[in-house]
Amino acid sequence: MRTKSISVVSETCFLKVDGGYIAYDDTGGDGPLILAIPGMGDLRSEYRLLRPILQNAGYRVVTMDIRGFGETSAQWPDYAAHAVGRDALALIEHLKAGSAVILGNSFAAGAALWAAHDEPTQVSRVVLLGPIVRDLKVSWFAMLALQLGFAGPWRVWFWATYWNSLFPSHKPADQRQVMAAIIKNLREPGRMAALRTMIGLSKADTTALILRSQVPALVVMGSRDPDFPDAEAEAQWLATQLHADSLMIDGAGHYPHTEMPEQVAPALLSFIARAHG
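Residues numbered from 1 in each chain as written. Predicted model: local features only at pLDDT ≥ 70, side-chain atom pairs only at ≥ 80, totals over all residues. Heavy atoms only, no water.

Participant: How should I be thinking about the nonpolar core in this particular structure?
Facilitator: Buried together is how nonpolar side chains tend to be arranged in soluble globular proteins. Membership of the largest hydrophobic core comes to 69 residues, with the highest contact counts inside it found for Leu35, Ile37, Ile102, Leu113, Val126 and Leu128. At 8 residues, the largest contribution of residues to this core is made by helix 3 (residues 108-118). The contact partners of Leu113, leaving out residues within four places of it in the chain, are Val126, Leu128, Val133, Leu209, Ile210, Ser213, Val215 and Leu242. In terms of nonpolar packing, the next biggest core, distinct from the first, is built from 22 residues, Tyr47, Val220, Met260 and Val264 among them. (Core = buried A, V, L, I, M, F, W, Y, C linked by side-chain atoms within 4.5 Å. Buried < 20%, exposed > 50% of the residue type's maximum accessible area, 1.4 Å probe, protein only. Helix = DSSP H or I, 4+ residues; strand = E, 2+ residues; numbered from the N terminus. Contact = heavy atoms within 4.5 Å.)

Participant: Would you mind going over the packing of helix 2 (residues 81-95) against helix 3 with me for this structure?
Facilitator: The axes of two packed helices give the description: the angle between them and the distance between them. Remark: helix 2 packs on helix 3, axes separated minimally by 7 Å, with the N-to-C direction vectors making an angle of 60°. Put simply, helix 2 runs oblique to helix 3. Relative to helix 3, the crossing made by helix 2 is right-handed. For the pair helix 2 and helix 3, the contacting residues are Ala81, His82, Val84, Gly85, Arg86 and Leu89 in the first and Gly110, Ala111, Trp114, Ala115 and Asp118 in the second. Along the lines of polarity and charge, the residues of the contact of helix 2 with helix 3 split into 6 nonpolar, 3 polar and 2 charged. (Axes fitted to C-alpha atoms, helices over the stretch in contact; angles between N-to-C directions. Parallel < 35°, antiparallel > 145°, perpendicular 65-115°, else oblique. Left-handed = near helix turned anticlockwise from the far one by under 90°. Nonpolar A, V, L, I, M, F, W, Y, C, P; charged D, E, K, R; others polar.)

Participant: Please clarify how the packing of aromatic side chains should be interpreted in this entry.
Facilitator: Aromatic ring pairs: the centre-centre distance and the angle between the two ring planes describe each pair. Taken as a whole and assessed by the stated rule, the structure comprises 3 aromatic pairs. Summarising the aromatic geometry, the rings of Trp159 and Tyr162 are spaced 5.3 Å apart at their centres and angled 55° between planes, so their arrangement reads as tilted. Placement of both Trp159 and Tyr162 in helix 5 (residues 155-165) is noted, with a separation of 3 residues, approximately one turn of the helix. Of the residues examined, Tyr162 reaches a relative accessible area of 28% and is grouped as partly exposed. With centroids separated by 4.9 Å and ring planes inclined at 5°, the aromatic side chains of Phe167 and Tyr255 adopt a geometry described as stacked. Taken together, the positions of Phe167 in the loop between helix 5 and helix 6 (175-186) and Tyr255 in the loop between strand 9 (245-249) and helix 10 (256-259) put the pair 88 residues apart, joining distant regions of the chain. For the pair Phe167 and Tyr255, a shared accessibility class is recorded, and that class is buried. (Phe/Tyr/Trp six-rings, centres within 6.5 Å; stacked < 30°, edge-to-face > 60°.)

Participant: Is there a simple way to explain empty space enclosed by the protein in this structure?
Facilitator: To find the voids left in a structure, one rolls a probe of water-molecule size over its atoms. The final tally for this structure, using the stated rule, is 2 cavities of 30 Å³ or more. Of the volumes computed, that of the largest cavity is approximately 90 Å³. Surrounding the largest cavity, Ala80, Ala81, Phe107, Gly110, Ile132, Val133, Met198, Leu201, Ser202, Lys203, Asp205 and Thr206 form its lining. Tallied by class, residues from the lining of the largest cavity come to 7 nonpolar, 3 polar and 2 charged. In this model, the second largest cavity occupies a volume close to 30 Å³. Contributing to the lining of the second largest cavity are Asp42, Glu46, Arg48, Trp163, Phe167, Val178, Tyr255 and Thr258. Class assignment for the residues of the lining of the second largest cavity results in 4 nonpolar, 1 polar and 3 charged. (1 Å grid on protein atoms, 1.4 Å probe; cavity = no way out; pocket = protein on both sides within 12 Å on 5 of 7 lines; lining within 4 Å. Points joined across faces, edges and corners; volume = space filled by probe spheres on them.)

Participant: In this structure, what is going on with unusual backbone geometry? I would like to understand it.
Facilitator: Glycine aside, residues mostly have negative phi, and peptide bonds are mostly found in the trans state. Of note in this structure, Lys96 is not a glycine but carries a positive phi near 50°. In this structure, Lys96 sits in the loop between helix 2 and strand 6 (100-105). Under the relative-accessibility criterion, Lys96 is labelled exposed at 66%. Unusually for a residue other than glycine, His243 sits at a positive phi of about 55°.

As structure tokens, then:
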């Protein structure tokens, strides 16, 4: 089942899983598999700048839309990171390309950890990009702003404006095009309901998983990520818990791999290469 994609990639493939369809694209080839998962409220085009770098390095790169967003089904009984991790494993199994390195941004960093925990032979390494893997402390003012932002017909504009603010130093040349695609997607039935559900989910189960995680990990964060009062402290905490490597990108926000891919790629490629000797 194939159709034209709204993202930069020309084709979309679909995998039927329990509860709906997962949309993804695939560079093909026989290189080692990298599966890239975007964060909530975003599209798989999030990896459009990193994808060709990885492909040119000889990897087979697959990017997927998570539950609720992009061309993946909108309505699901479960939107948790663990459920998205199961979708990732189903896709890896379907591709029959051996174990994968999983890239997970924001909320999807938890999905990468869950996939590695559930099927360690299927996931060789994980790269956690701007990871949100524990419940963040939110001030009453921020909570009120969030409630008001999602309360009326301006909710799509509210989210898109917030998303745009997560690139504090450098917005890609096609930022307006991508933002328009996100807005169009969130106006489809069920998409905003999925986003509101995801935002309200606790990450306590993922936090509890961290100390049990055995998969080699790389934590990548931007020093100006507005989701954290101290992004560097968050990166150090998570890297310590996971016994992982970490990389801070000076000046980048929540999407360091999109905002400054040329700074992220060398360390990421070096880390991934270790999975293949």
